Amino acid sequence: MFEYSARPDLLAGRIILVTGAGRGIGEAAAKAYAAHGAIVLLLGKNEDNLNRVYDDIEAAGYPRPAVIPFNLETALPHQYDELAAMIEQEFGHLDGLLHNAAIVGPRTPLEQLSGDNFMRVMQVNVNAMFMLTSTLLPLLKLAKDASVIFTSSSVGRKGRAYWGAYAVSKFATEGMMQVLADEVDDTAPIRANSVNPGATRTDMRAKAYPGENPTANPLPADIMPVYLYLMGPDSIGVNGQALDAQTK
């Protein structure tokens, strides 16, 4: 695992938005950020899941989060503007943004991948990520030091057969991270980095690898050190890096 031990008040008073916060790695990150003092904005399309995470955070006595039902597959440009305006009105600024939400899509040869399926994956994994980043950047620039974390994958760093649109979307994710990191370097109090979670015990992993023994993989909560490190002030100066949550 990535070696890092976060102090209890690492994120005290910080406003952090997590996409796909209703389950899996997004849920674990939201709870980890809240446990270290952050006010977490829980964004996702399943309101029931978001409410469950909200209840868990509140029951634990952590700062009260906010639930933001938002469908990244269908959201229109004006809805991103409305989201940014709401965050500005309620919180004034944004200290962190974790791009976690993604879909796998069909695992099939490119030759057999339909255009509809390709565009759906790109819509959620790339287009929505761009829209969120671009509309929330002004709020991130208002922070003392802000962090944007992009979720990558091993197949977004070296392509592999049958990973189709997902792999392409993760290469785009790495590219967007690098472009943003270069643009904010020495010009804004923002850093941008990517994390490859590695094999983790999530529903998405189970669908991608139905024959795999899930207990062989760590739980999402086990891979949180790198997510805490990049979101907190200890990573100031770390920019444009592609990190791994699990190190061999």
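Quick summary incoming for the structure in this document. Everything numeric in this text was worked out from a predicted model, so none of it was measured. (Residues numbered from 1 in each chain as written. Predicted model: local features only at pLDDT ≥ 70, side-chain atom pairs only at ≥ 80, totals over all residues. Heavy atoms only, no water.)

### Overview of the pairing of strand 5 (residues 146-151)
1) Next: The buried fraction of strand 5 is high, at 6 of 6 residues.
2) Next: Both strand 4 (residues 96-99) and strand 5 contribute to a ladder of 4 bridges, which runs parallel. Paired with L97 across the strands is V148, a residue of strand 5.
3) Next: Tracing the backbone out of strand 4, into helix 4 (residues 115-140) and back to the parallel element strand 5 gives a crossover that is right-handed.
4) Next: Note that strand 5 and strand 6 (residues 190-196) share 6 bridges and pair parallel. The residue bridging S147 from the neighbouring strand is R191, located in strand 6.
5) Next: Considered for its hand, the β-α-β crossover made up of strand 5, helix 5 (residues 164-184) and strand 6 is right-handed. (Buried < 20%, exposed > 50% of the residue type's maximum accessible area, 1.4 Å probe, protein only. Helix = DSSP H or I, 4+ residues; strand = E, 2+ residues; numbered from the N terminus. Pairing = 2+ DSSP bridges. Right-handed = clockwise from strand over helix to strand, strands pointing away.)

### What to know about the pattern of salt bridges
1) Next: Applying the stated criterion across every chain, the model contains 11 salt bridges.
2) Next: Between R52 and E27 there is a salt bridge, with the nearest N and O atoms lying 3.0 Å from each other. Of this pair, R52 sits in helix 2 (residues 47-59) while E27 sits in helix 1 (residues 24-35), and the two are 25 residues apart along the sequence.
3) Next: Put simply, E58 and R64 hold a salt bridge, and the shortest N to O gap is 3.0 Å.
4) Next: Given the relative accessible area of 33%, E58 is considered partly exposed.
5) Next: Put simply, E27, K31, R52 and D56 are held in one network by salt bridges that share partners. (Salt bridge = Lys/Arg side-chain N within 4 Å of Asp/Glu carboxyl O.)

### What about the sheet that holds strand 7 (residues 242-244)?
1) Next: Reading across from one edge, 3-2-1-4-5-6-7 is the order of the 7 strands in this open sheet, with parallel pairing throughout. For this open sheet the edge positions go to strand 3 (66-69) and strand 7, each flanked by a neighbour on one side alone. Ignoring strand direction, the axes of neighbouring strands in this sheet form an average angle of 20°.
2) Next: Contacts from helix 3 (residues 77-91) reach strand 1 (15-19), strand 2 (39-44) and strand 3 within the one sheet, and its direction differs from that of strand 2 by about 160°.
3) Next: Running over the sheet, helix 7 (residues 224-231) touches strand 1, strand 4, strand 5, strand 6 and strand 7 and is turned about 170° from strand 6. (Axes fitted to C-alpha atoms, helices over the stretch in contact; angles between N-to-C directions. Contact = heavy atoms within 4.5 Å.)

### Notes on the packing of helix 4 against helix 5
1) Next: One way to put it is that helix 4 packs onto helix 5 with a least axis distance of 8 Å and a crossing angle of 15°. Between helix 4 and helix 5, the crossing angle belongs to the class labelled roughly parallel. Seen along the crossing, helix 4 lies across helix 5 with a hand that is right-handed. Facing helix 4, whose interface residues are F118, V121, M122, N125, V126, M129, F130, T133 and L137, helix 5 presents A165, Y166, V168, S169, A172, T173, M176 and L180. (Parallel < 35°, antiparallel > 145°, perpendicular 65-115°, else oblique. Left-handed = near helix turned anticlockwise from the far one by under 90°.)

### A short note on the packing of helix 3 against helix 4
1) Next: Contact geometry of helix 3 with helix 4 gives a least axis separation of 10 Å together with a crossing angle of 35°. Helix 4 is crossed by helix 3, and the crossing has right-handed handedness. Of the residues in helix 4, those touching helix 3 at P77, Y80, D81, L83, A84, I87 and E88 are A128, M131, L132, T135, L136 and L139.
2) Next: Grouping the amino acids of the contact of helix 3 with helix 4 by side-chain chemistry returns 10 nonpolar, 1 polar and 2 charged. (Nonpolar A, V, L, I, M, F, W, Y, C, P; charged D, E, K, R; others polar.)

### Looking at the nonpolar core
Across soluble globular proteins, nonpolar side chains have a tendency to be buried as a group.
1) Next: Ranked by internal contacts, the top residues of the largest apolar core, which has 36 residues, are L17, L94 and L136.
2) Next: Secondary structure elements with two or more residues in this core: strand 1, strand 2, strand 3, helix 3, helix 4, strand 5, helix 5 and strand 6.
3) Next: The biggest single contributor to this core is helix 4, with 9 residues.
4) Next: Excluding residues that lie within four positions of it along the chain, L17 makes contacts with L41, L43, I68, I87, L94, G96, L97, L98 and L136.
5) Next: In this structure, L11, I16, V18 and A21 belong to the second largest nonpolar core, which totals 35 residues. (Core = buried A, V, L, I, M, F, W, Y, C linked by side-chain atoms within 4.5 Å.)

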